[in-house]
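One letter stands for each residue in the lines below.
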Amino acid sequence: MQHIISVLVENKPRVLARVASLFARRGYNIESLAVGPTQDPKISRITLVVNGNEDILEQITKQLYKLIEVIKVGDFTNTSYVDRELALIKVNAASAVRGEVAQIVEIFRARIVDVEEKSLTVEVTGTPDKIDALEQLLRKYGIIEMTRTGRIALARGSKSL
Amino acid sequence: MKGAQILIELLKKEGVEVIFGYPGGAVIDIYDVIFETPEIQHVLVRHEQGAAHAADGYARSTGKVGVCMATSGPGATNLVTGLATAYMDSIPIVAITGQVGTPLIGKDSFQEADITGITMPITKHNFLVTRVEDLASVVREAFYIASTGRPGPVVIDIPKDVQQKTAELVLPEKVKIPGYQPTYRGHVKQIALAASAITAAQRPLLYVGGGVISSGASPYLLELAEKADIPVVHTMMGKGAFPESHRLSLGMLGMHGTYWANKAVMHCDLLIAVGARFDDRVTGRIDSFAPHARIIHIDIDPAEIGKNVKADIPIVGDAKMILAELVKRIEPKTNPEWWQEIEGFRSAYHPPYRKKPGKLLPHEVIRKIYEKTHGEDTILVTDVGQHQMWAAQVYRCEKPRTWISSGGLGTMGYGLPASIGVQIGNPGKRVVLVSGDGSIFMKIQELVTAVNYCLPIKIFIMNNSYLGMVRQWQGCLYKGRYSCTRLQNPDLVTLARAFGAEGFAVEKEEDLEPVIEQALRVEGKPALVDCRVAEEENVLPFVPPGKSLEEMILE
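Residues numbered from 1 in each chain as written. Chains lettered and ligands numbered in written order. Predicted model: local features only at pLDDT ≥ 70, side-chain atom pairs only at ≥ 80, totals over all residues.

### So, the overall build of chain B
Move 1: In terms of helices and strands, chain B carries 22 helices and 18 strands.
Move 2: In terms of C-alpha radius of gyration, chain B reaches 24 Å, essentially the compact-globule figure of 24 Å for 555 residues.
Move 3: Counting every position in chain B, which comprises 555 residues, the buried fraction comes to 55%.
Move 4: For chain B, the share of sequence-separated contacts (at least 6 apart) that also reach a separation of at least 24 residues comes to 78%. (Helix = DSSP H or I, 4+ residues; strand = E, 2+ residues; numbered from the N terminus. Rg over C-alpha atoms; globule rule 2.2 N^0.38 Å. Buried ≥ 20, exposed ≤ 12 C-beta atoms within 10 Å, placed from the backbone. Contact = placed C-beta atoms within 7 Å.)

### A closer look at the packing of helix H16 (residues 362-373) of chain B against helix H22 (residues 509-521) of chain B
Residues and elements named next belong to chain B.
Move 1: Where H16 contacts H22, the axes come no closer than 10 Å and their chain directions differ by 50°. Looking at the two axes, H16 sits oblique to H22. Like other packed secondary-structure pairs, H16 and H22 cross with a definite hand, here right-handed. For the pair H16 and H22, the contacting residues are Val 365, Lys 368, Ile 369, Lys 372 and Thr 373 in the first and Leu 512, Glu 513, Ile 516, Glu 517 and Leu 520 in the second.
Move 2: Considered class by class, the residues forming the contact of H16 with H22 number five nonpolar, one polar and four charged. (Axes fitted to C-alpha atoms, helices over the stretch in contact; angles between N-to-C directions. Parallel < 35°, antiparallel > 145°, perpendicular 65-115°, else oblique. Left-handed = near helix turned anticlockwise from the far one by under 90°. Nonpolar A, V, L, I, M, F, W, Y, C, P; charged D, E, K, R; others polar.)

### Comments concerning the sheet that holds strand E18 (residues 527-532) of chain B
Residues and elements named next belong to chain B.
Move 1: Spatial ordering of the open sheet is given by E14-E13-E15-E16-E18-E17, a layout of six strands whose pairing is parallel. If you trace the sheet from one side to the other, it starts and ends with strand E14 (403-404) and strand E17 (502-506), each paired once.
Move 2: Of the pairings in the sheet, the one linking strand E15 (residues 430-436) to strand E16 (residues 458-463) comprises five bridges and is parallel in character. Residue pairing in the sheet places Val 434 in a bridge with Phe 460 of E16.
Move 3: Running over the sheet, helix H18 (residues 415-425) touches strand E13 (378-382), E14 and E15 and is turned about 175° from E15.
Move 4: Packing against the sheet, helix H21 (residues 492-499) makes contact with E16, E17 and E18, and its axis sits at approximately 170° to E17. (Pairing = 2+ DSSP bridges.)

### Concerning the domain arrangement of chain B
All names here are of chain B.
Move 1: As far as domains go, chain B holds domain 1 (3-164), domain 2 (188-348) and domain 3 (362-532).
Move 2: For domain 1 versus domain 2, the distance between C-alpha centres works out to 36 Å.
Move 3: Contact residues are listed per partner, giving five residues for domain 1 and five residues for domain 2.
Move 4: For the side of domain 1 that touches domain 2, the per-class residue count stands at one nonpolar, two polar and two charged. (Domains from an automatic or database assignment.)

### So, the packing of H16(B) against helix H17 (residues 386-394) of chain B
Residue and element names in this part refer to chain B.
Move 1: Interaxial distance between H16 and H17 falls to 9 Å at its minimum, and their mutual angle equals 50°. Compared by their axis directions, H16 and H17 come out oblique. As H16 packs across H17, the resulting crossing turns out to be right-handed. Taken together, the residues of H17 that come into contact with H16 (itself represented by Pro 362, His 363, Ile 366, Arg 367 and Tyr 370) are His 387, Trp 390, Ala 391 and Val 394.
Move 2: Of the residues in the contact of H16 with H17, the class split is six nonpolar, two polar and one charged.

### Notes on the environment of Ser249(B)
All names here are of chain B.
Move 1: Of note, Ser 249 is situated in strand E9 (residues 249-252).
Move 2: Judged by the 21 C-beta atoms lying within 10 Å of it, Ser 249 falls in the buried class.
Move 3: C-alpha separation for the pair Ser 249 and His 234, spaced 15 residues apart in sequence, amounts to 8.3 Å.
Move 4: Each residue touching Ser 249, except ones within four places of it in the same chain, is listed here: Val 232, Phe 242, Pro 243 and Glu 244.

### A look at the pairing of strand E3 (residues 66-70) of chain B
Remember that side chains alternate between the two faces of the sheet whenever the strand is regular.
Residue and element names in this part refer to chain B.
Move 1: Burial runs high along E3: five of the five residues are buried.
Move 2: The alternating pattern of E3 places Gly 66, Cys 68 and Ala 70 and Val 67 and Met 69 on opposite faces, both of which are buried.
Move 3: Pairing geometry for strand E1 (residues 18-21) and E3, over two bridges, is parallel. Bridging across to E3, Phe 20 finds its partner in Cys 68.
Move 4: Pairing between E3 and strand E4 (residues 93-99): five bridges, direction parallel. Bridge pairing in E4 links Gly 66 to Ile 93.

### Side note on the pairing of E13(B)
Residues and elements named next belong to chain B.
Move 1: Extensive coverage of E13 is indicated by the burial of four of its five residues.
Move 2: As paired strands, E13 and E15 are joined by five bridges and run parallel to one another. Bridge pairing in E15 links Thr 378 to Arg 430.

### Quick word on the domain arrangement of chain A
All names here are of chain A.
Move 1: One can read the domain layout of chain A as domain 1 (2-75) and domain 2 (82-153).
Move 2: Broken down by secondary-structure element, the contributors of at least two residues to the side of domain 1 that touches domain 2 are strand E1 (2-10), strand E2 (30-37) and strand E3 (43-51).
Move 3: Here the side of domain 1 that touches domain 2 takes three residues from E2, the largest share from any one element.
Move 4: Of the residues assigned to the side of domain 1 that touches domain 2, the class counts are four nonpolar, three polar and no charged.

### With respect to the confidence of the model for chain B
Move 1: Confidence along chain B averages 97 in pLDDT terms, with 99% of residues attaining 70 or more.
Move 2: Confidence estimates for the predicted assembly give a pTM of 0.96 and an ipTM of 0.91. (pLDDT = per-residue confidence, 0-100.)

### As for the nonpolar core
Soluble globular proteins tend to bury their nonpolar side chains together.
Move 1: Membership of the largest hydrophobic core comes to 199 residues, with the highest contact counts inside it found for Cys68(B) and Ile93(B).
Move 2: Looking at this core element by element, the count peaks at eight residues for helix H7 (residues 135-147) of chain B.
Move 3: Excluding anything up to four places from it in sequence, Cys68(B) contacts Ile19(B), Phe20(B), Gly21(B), Ala51(B), Ala52(B), Ala54(B), Ala55(B), Leu79(B), Ile93(B) and Ala95(B).
Move 4: In terms of nonpolar packing, the next biggest core, distinct from the first, is built from 13 residues, Val101(A), Ala110(A), Leu120(A) and Val122(A) among them. (Core = buried A, V, L, I, M, F, W, Y, C linked by C-beta atoms within 7 Å.)

### Structural notes on the sheet that holds strand E7 (residues 204-208) of chain B
In a beta sheet, neighbouring strands are held together by backbone hydrogen bonds and run either parallel or antiparallel to one another.
All names here are of chain B.
Move 1: Read across the open sheet, the six strands follow the order E9-E8-E7-E10-E11-E12; overall the sheet is parallel. Each end of this open sheet is capped by a strand with a single partner; those strands are E9 and strand E12 (313-316). Across this sheet, the average inter-strand angle for adjacent strands is 15°, counted without regard to direction.
Move 2: Bridging between strand E11 (residues 294-299) and E12 involves four bridges; their strand directions are parallel. Counted as the bridge partner of Ile 296 is Ile 313 from E12.
Move 3: Those strands touched by helix H9 (residues 188-200) are E7, strand E10 (270-274), E11 and E12, and its axis lies near 135° from that of E12.

What follows is the structure in structure tokens.
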């Protein structure tokens, strides 16, 4: 089962390496990972998407807590949350198909952020499913390259981690 | 004040009395300060691994934080085995390493190694100090982290320019780390549940490990066991947590545990694990371990709960505080039927005792060493291998911190340098090292250190000309194909004398007692006894790896 785990850590060098190596050592594959600052400059937030059963997740959580610089760990599974991912997709768009591509981008409420004679770069935000769907549709025009940020998430309502 | 001076000032503030170390280019500034610091003794080892093991032995035997020091690059990497040893057994040590200057870091500079990267998975925490202003608080935090919660090793990596730069010495206030707040007090409801489970149990069993020793929980363990008439089995790390001569002690469990201890595990209806972590050497095949028992698991590390077995009643916290609470909440009881069953296990099996004419049997040698040396003021240290298991089986320990041995990592070569740390930390006590002809050569150079510091360590080497434990496995599990386990050793007596120690050898049983006595009389230097024991003796009982504790090889 897929879990989104949010980890609040002290904003110090090597913290990400500690978190990542903990997963690696135990053979847990990380599906996606996103790191960034929070409202408190001393604290960063790492959002991880991992697969595993409850027992494995419990072990991961406990092991994360053993890291001195980890302040808080939360699992969004079975809770109400909003999650988003951002992708940049550079797609072939010669003049013959440019209108078509723009239309698809429109439907997905994505944005064109860079235009060149033969290509477009699309910025899309949403759930991973939405990004997958857009990627699928753009594939036939030829995706030159793309990048995804990995998922980030917050609990719904006023509660926080 | 220079960084190097700040470091030494902080070490003094932490109460450090001794540093085990080895100088080098990247710690030369620190050594320059040590030169004028009579309050701290520096013990010069001959290999940095020895410094880490010595700090570890010092920590295990005294309960204080052990400190070791090494230079950058190879000095630091030589500490690695010692750090991993301490990490696996939850031993508080602080390792100080020099690092190349900050402008040179990451450039493959001379004697550069990324030691904080390398030691990340084998330390409780580590620090790379990049600003001299941070040094004081880092040292404070390092000692705090090493010695609190579940103890463990911490590395402080200090670049050369940080040692040389000056800053004002500001003594850090109370340590406050937002993500590190160990739980000491056990959950009241869980303790109540455990108390009623103990009251209801008919066949309770205490399974105790090294956590009892590091927590100082032994008096409460004794009280609990006696009040509720509970038999006690211990892990190798738990030797000394409960007096082994006590009527309630069943000895060690696990791969080379006693027959009756393993039987008791398989038949108990309540297993009370205290400061133990269900290691594979203890449990055998995990799904058949303690099949009829509910499990109470008391541990300070939440990550140990449910890691290997599912606990019915987990209690996170300090063993001492939890056992103290538990004792208050249980009624005195006896378990006569359970004891009758256990007596049945005891009488069903006696360890094979076959005298071999003209041969010295290793367990007999250890028995004799035990007779001649055990007592209030003796600390037994071992290396790793067959001799370690025989010592664990034969040498009874009555008190915490009198059995010093590498458990989790099983580090051959641990014994001699650890003995040095033990003797330095316990100058008035008798330190006995039981080693093997495999292990001793992994750190033989530290015999120089023991001679240099006039340490009267008694070293007994169970010399069977084999890498004995591997040979045993080859014999039992690999059709007797003794691949690369035959050892050709130099003459140990000559070797001991060349180092400046006293050397003895014994081959016949009748010489054993007088030779041991001679060795015990040696003062002011180590005495090494080469015990030329029967070559192909096995450690029994033996639960082959991956088998259930019921499947012990007994003969």
